[in-house]
Number of protein chains: 2
Amino acid sequence: MRYTLYYWPTIQGRGEFVRLALEEADIRYDDIARTDGGEDVMLSLLDDDRVAQPPFAPPFLKAGKLLIGQTANILLFLGERHGLAPESSGGRLWTHQLQLTIADLVAEVHDAHHPIAASLYYEDQKREAKKRAANLIGERLPKYLDYFERVLERNPRGSNYLVGARVTYADLSAFQLVAGLQYAFPKAMARLGKKRARLIQLHARVAERPRIASYLASSRRIPFNEQGIFRHYPELDS
Amino acid sequence: MRYTLYYWPTIQGRGEFVRLALEEADIRYDDIARTDGGEDVMLSLLDDDRVAQPPFAPPFLKAGKLLIGQTANILLFLGERHGLAPESSGGRLWTHQLQLTIADLVAEVHDAHHPIAASLYYEDQKREAKKRAANLIGERLPKYLDYFERVLERNPRGSNYLVGARVTYADLSAFQLVAGLQYAFPKAMARLGKKRARLIQLHARVAERPRIASYLASSRRIPFNEQGIFRHYPELDS
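Before going into details, it helps to say that this report is about the structure given with it. (Residues numbered from 1 in each chain as written. Chains lettered and ligands numbered in written order. Predicted model: local features only at pLDDT ≥ 70, side-chain atom pairs only at ≥ 80, totals over all residues. Heavy atoms only, no water.)

**Looking at the packing of aromatic side chains**
Tallying each qualifying case throughout the model produces 16 aromatic pairs over all chains. Considering the side-chain rings of A:Y6 and A:F60, the 4.7 Å spacing of their centres and the 15 degrees angle between planes classify their relative orientation as stacked. Taken together, the positions of A:Y6 in strand β1 (residues 3-6) and A:F60 in strand β3 (residues 60-63) put the pair 54 residues apart, joining distant regions of the chain. Judged by relative accessible area, A:F60 falls into the buried class, the value being 0%. Considering the side-chain rings of A:Y183 and A:F224, the 5.0 Å spacing of their centres and the 15 degrees angle between planes classify their relative orientation as stacked. Taken as a pair, A:Y183 in helix α6 (residues 169-184) and A:F224 in the segment after α9 (210-216) lie far apart in primary sequence, 41 residues in all. Under the relative-accessibility criterion, A:Y183 is labelled partly exposed at 25%. Members of the aromatic cluster, joined through ring pairs, are A:F56, B:Y144, B:Y147 and B:F148. The side chain of A:K143 reaches across the aromatic face of B:F56, ending 5.0 Å from its centre. (Phe/Tyr/Trp six-rings, centres within 6.5 Å; stacked < 30°, edge-to-face > 60°. Helix = DSSP H or I, 4+ residues; strand = E, 2+ residues; numbered from the N terminus. Buried < 20%, exposed > 50% of the residue type's maximum accessible area, 1.4 Å probe, protein only. Lys NZ or Arg CZ within 6 Å of the ring centre and 35° of its normal.)

The following block contains the structure:
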């Protein structure tokens, strides 16, 4: 079955966590908003009264009759259907738990440059952003990075992956998390990464997977930029 | 099987979404941190190197050998095992999607009184909180409340519940969301509630369910207070 991904066409954003899973699982999909007139298709679907189960916001995925919203929920579906999560229900819950923890950090990273309102320009909340980014780098990032390092360290099947002995969507998302943090906060991550070697190695391990490597080298991978979640504002990095 | 809930003993917080599901499903559970010495048990478990699948933070639930973290993930588990979600995989994904959207709003409500850092006192970020709360009430709340109203309006099985014709954990969480918002922002919700009658009615419908009603009347229900997520600071309400 060919899937349709609905997400903003000019940013990685939350859609990127879905794109990475689609690419790793070698699923045929249309990134619809990046096609001619596709963004209007996405926006009109969001406004369509006939959609009985409307998504709140992109990303959402059309898979046959299913229209699935919420990034972690889309990954729950893809993981189960396409072998990017363990077979056992306990293993799936654990994988999803890690994904939801990654999602919490992603939201905090976004709010570091938009602490007052997503609808206001960064320039209009820059002073507050400096305070929040300092807290993110000083307190929150170490706490989250230590957590994922700990999960890798304690994995009974070894530290190559977060869950068990095979790659899951949580590993793909951890790759994207580290990639985004290294783009947004190169100084802080150079320092913080030293003590979280397993997590940094996981990022490299995922990047070298054949399908991920070819995706990252393709035009399908949108470069990081200052409209997405991970933004490089030098004044926020330290 | 008797479950153990691990959550902070003096607030509703995110644990309340789990408590409501446990109560509605009539599950026997220990709210461990509210028992003698139980909070230390919770904290030492968070620091226990032998826990192979450690939670990042409370709430987490022990169910036999499973230790499940992340509120929405716990509800995914309870919904499937205890009849608080549809049988179909599509129905379960839709219910979870709504839960994750509720969780997003809950995080925004928390950050309205803590826009700079969760670790700082409200008093130390009051000025920024006023700005963020104004945006929450002016932009975000209407957008989210309209969304849930729309979901109720479009439910093919009627507007009594968010999903299908029977109560799910998403309805219980929507109840808690409305209850918390009405506590934190009475002025704003009196105004905003008028145009979202289905959602306000859902709150009343859930409150009247026998098990929920008896839970709300019991000492197990911790009153709202200014240490939780939903805080009533009159200066933030408008």
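**So, the side chain of B:R231**
Residues and elements named next belong to chain B. Mapping R231 onto the fold places it in the segment after α9 (210-216). Of the buried charged residues, R231 lacks a salt bridge, with E226 as the closest side chain of opposite charge at 6.7 Å. Of note is the side chain of R231, whose polar atom sits 2.7 Å from the backbone oxygen of G228. A polar side-chain atom of R231 sits 3.2 Å from a polar atom in the side chain of Y233. (Lys, Arg positive; Asp, Glu negative; His and termini not counted. Salt bridge = Lys/Arg side-chain N within 4 Å of Asp/Glu carboxyl O. Polar contact = N/O pair within 3.5 Å; in protein donor to acceptor, adjacent residues only side chain to side chain.)

**Considering the sheet that holds strand β2 (residues 29-31) of chain A**
All names here are of chain A. The mixed open sheet is built from four strands, whose spatial order is β2-β1-β3-β4. With partners counted over all chains shown, the strands left at the sheet margins are β2 and β4 (66-69), one partner each. Pairs of neighbouring strands in the sheet enclose a mean axial angle of 20 degrees, with direction left out of account. Where β3 and β4 come together, four bridges link them in antiparallel fashion. Looking at the pairing, K62 lines up with L67 of β4. Running over the sheet, helix α1 (residues 15-24) touches β1, β2 and β3 and is turned about 160 degrees from β1. Lying over the sheet, helix α3 (residues 71-81) contacts β1, β3 and β4, oriented at roughly 125 degrees with respect to β4. (Pairing = 2+ DSSP bridges. Axes fitted to C-alpha atoms, helices over the stretch in contact; angles between N-to-C directions. Contact = heavy atoms within 4.5 Å.)

**A closer look at the environment of B:Q99**
Residue and element names in this part refer to chain B. Tracing the chain through its elements places Q99 in helix α4 (residues 89-113). As a C-alpha pair, Q99 and F17 span 82 residues in sequence and 9.9 Å in three-dimensional space. Setting aside residues no more than four positions away along its own chain, Q99 makes contact with F17, A72, L75, Y169, A170 and S173.

**Section: α3(A)**
Residues and elements named next belong to chain A. Burial runs high along α3: nine of the eleven residues are buried. Taken together, the buried positions of α3 are occupied by T71, A72, N73, I74, L75, L76, F77, L78 and G79. Taken from the residues just after α3, G83 is the one with a positive phi, measuring 70 degrees.

**Here we look at the relation of the copies chain A and chain B**
Rotating chain A by 180 degrees about the axis while translating it 0.0 Å along that axis superimposes it on chain B, leaving an RMSD of 0.0 Å. In short, the pair behaves as if placed about a two-fold rotation axis. Every residue of chain A has its C-alpha some distance from the rotation axis, and the shortest such distance is that of A:P115, at 2.9 Å. Both copies share a contact surface, since 100% of the interface residues of chain A are interface residues in chain B too. (Least-squares fit on C-alpha atoms with pLDDT ≥ 70 in both.)

**Comments concerning the sheet that holds strand β1 (residues 3-6) of chain B**
Hydrogen bonds between backbone groups are what pair the strands of a sheet, and the pairing can be parallel or antiparallel. Residues and elements named next belong to chain B. Across the sheet, four strands lie side by side as β2-β1-β3-β4; this open sheet has mixed pairing. The open sheet terminates on both sides in strands that have one partner only, identified here as β2 (29-31) and β4 (66-69). The average undirected angle you get between the axes of adjacent strands in this sheet is 20 degrees. Packing of helix α1 (residues 15-24) onto the sheet brings it into contact with β1, β2 and β3 (60-63), and relative to β1 it is tilted by some 160 degrees.

**Focus on the packing of helix α5 (residues 126-154) of chain A against helix α7 (residues 186-193) of chain A**
Residues and elements named next belong to chain A. Across the interface, α5 lies against α7 with an axial gap of 11 Å and an inter-helix angle of 45 degrees. Viewed along their axes, α5 and α7 adopt a mutual orientation that is oblique. Crossing angle aside, the handedness with which α5 passes α7 is right-handed. Where α5 abuts α7, its residues I137, L141, P142 and L145 lie against A188, M189, R191 and L192. (Parallel < 35°, antiparallel > 145°, perpendicular 65-115°, else oblique. Left-handed = near helix turned anticlockwise from the far one by under 90°.)

**Observations concerning the layout of surface pockets**
Taken as a whole, the second largest pocket encloses approximately 440 Å³ of empty space. Lining the second largest pocket we find 16 residues, and of these A:E80, A:R92, B:L76, B:E80 and B:R92 sit closest to its centre. Here the residues of the lining of the second largest pocket are counted per class, giving six nonpolar, three polar and seven charged. (1 Å grid on protein atoms, 1.4 Å probe; cavity = no way out; pocket = protein on both sides within 12 Å on 5 of 7 lines; lining within 4 Å. Points joined across faces, edges and corners; volume = space filled by probe spheres on them. Nonpolar A, V, L, I, M, F, W, Y, C, P; charged D, E, K, R; others polar.)

**A word on the pattern of salt bridges**
Charged atoms that come close allow side chains of opposite charge to pair. Summed over the entire model, instances satisfying the criterion amount to 38 salt bridges over all chains. Among the salt bridges present, the one from A:K126 reaches A:E235, with a minimum N-O distance of 3.7 Å. You can see A:K126 sitting in helix α5 and its partner A:E235 sitting in the segment after α9, a full 109 residues away along the chain. Overall, the relative accessible area of 33% leaves A:E235 in the partly exposed class. Between B:R127 and B:E128 there is a salt bridge, and its shortest N-O distance comes to 3.6 Å. Three or more residues joined by partner-sharing salt bridges are found here, namely A:E16, A:R19, A:D31, A:R34 and A:R221.

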